[in-house]
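Survey of secondary and tertiary structure
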Amino acid sequence: MPKMKTGDVRLFEGKKRALAVSIGLWAEKPGRQIHIHISGHGGNTWVTNDPKSERYHKTLFRNLRQILLQNERWPFGDEGDETEAK
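Description of the structure in this document. Going along each chain's sequence as written, the residues are numbered from 1 onward. With the structure being a predicted model, the display of local features is reserved for residues of pLDDT at least 70 and the display and counting of side-chain atom pairs for 80 or more, all residues being used for whole-chain, interface and lining totals. Excluding hydrogens and water, the side-chain values take into account all heavy atoms of the structure.

Observations regarding the pattern of salt bridges
We apply this condition: Counted as salt bridges are all cases of a side-chain nitrogen of Lys or Arg within 4 Å of a carboxyl oxygen of Asp or Glu. Where helices and strands are cited, they refer to DSSP runs of H or I of at least four residues and of E of at least two residues respectively, numbered from the N terminus. Note on exposure labels: buried denotes an accessible area under 20% of the residue type's maximum, exposed denotes more than 50%, and partly exposed covers the range between, all computed with a 1.4 Å probe on protein chains only.
Tallied over the entire structure, the rule returns three salt bridges. Here Arg32 ties to Asp50 by a salt bridge, and the two come within 3.6 Å at their closest N and O atoms. Within this pair, whereas Arg32 is found in the loop between β3 (24-28) and β4 (35-40), its partner Asp50 is found in the loop between β5 (43-48) and α1 (58-70), the two being separated by 18 residues in sequence. Using a relative accessible area of 12% as the deciding quantity, one classes Asp50 as buried. Between Arg65 and Glu84 there is a salt bridge whose closest N-O contact spans 3.5 Å. One end of the pair, Arg65, is in helix α1; the other, Glu84, is in the segment after α1, with 19 residues separating them in the sequence.

Let's talk about the nonpolar core
Applicable threshold: Definition used in this section: a nonpolar core is a set of buried Ala, Val, Leu, Ile, Met, Phe, Trp, Tyr and Cys residues joined via side-chain atoms within 4.5 Å. Contacts: residue pairs with any heavy atoms within 4.5 Å of one another.
Core analysis: the largest hydrophobic core is formed by ten residues, namely Ala27, Ile34, Ile36, Ile38, Val47, Phe61, Leu64, Leu68, Trp74 and Phe76. Of all the secondary structure elements, the ones that give two or more residues to this core are β4 and α1. Once residues lying within four places of it in the same chain are set aside, the contact partners of Leu64 are Leu25, Ile36, Ile38 and Val47.

Looking at the sheet that holds β4
Spelled out, the test is: Two strands pair under a simple rule: DSSP has to find at least two bridges between them. Axis definition: a line fitted to C-alpha atoms, over the contacting stretch in the case of helices. Angles run 0 to 180 degrees between N-to-C directions.
Overall, antiparallel pairing links the three strands, which are arranged β3-β4-β5 in an open sheet. Two strands bound the open sheet, and with one partner strand each, they are β3 and β5. Across the sheet, the mean angle separating the axes of adjacent strands is 25° when strand polarity is ignored. Across five bridges, β3 lies against β4 in antiparallel orientation. Residue pairing for β4: Gly24 is matched across the bridge by Ser39. Running over the sheet, α1 touches β3, β4 and β5 and is turned about 80° from β4.

Things to note about α1
Worth spelling out the cut-off: By definition here, a helix of n residues has an expected span of 1.5 Å times n minus one. What the arc describes is the spread of directions from the helix axis to the C-beta atoms.
The first and last C-alpha atoms of α1 sit 18 Å apart over 13 residues, in line with the 18 Å expected at 1.5 Å per residue. Phe61, Leu64, Arg65 and Leu68 are the residues of α1 that are buried. Seen from one end, α1 has its buried residues packed into an arc of 105°, which puts them on one side. In the core, the buried residues of α1 are packed alongside β3, β4 and β5. Positive backbone phi, at 55°, marks Glu72, one or two positions downstream of α1.

Here is the structure:
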């Protein structure tokens, strides 16, 4: 299998409606907010855990944060864990 690159697309065998897209994820804190950046097929965007921001998305932030945590790529300790609460 060739080396994975950001934006790579793989089609699932037998599934005509599903595919996988390789994305890049990283977290930054340029000010008060934590930004989780998502880079992939067609560009870059980000989400935040700040409910006052138009980029706020609680569940997406939580899920992406969990991926970063599980892979030891979350540099902000417990910050952002409020998205774990229901």
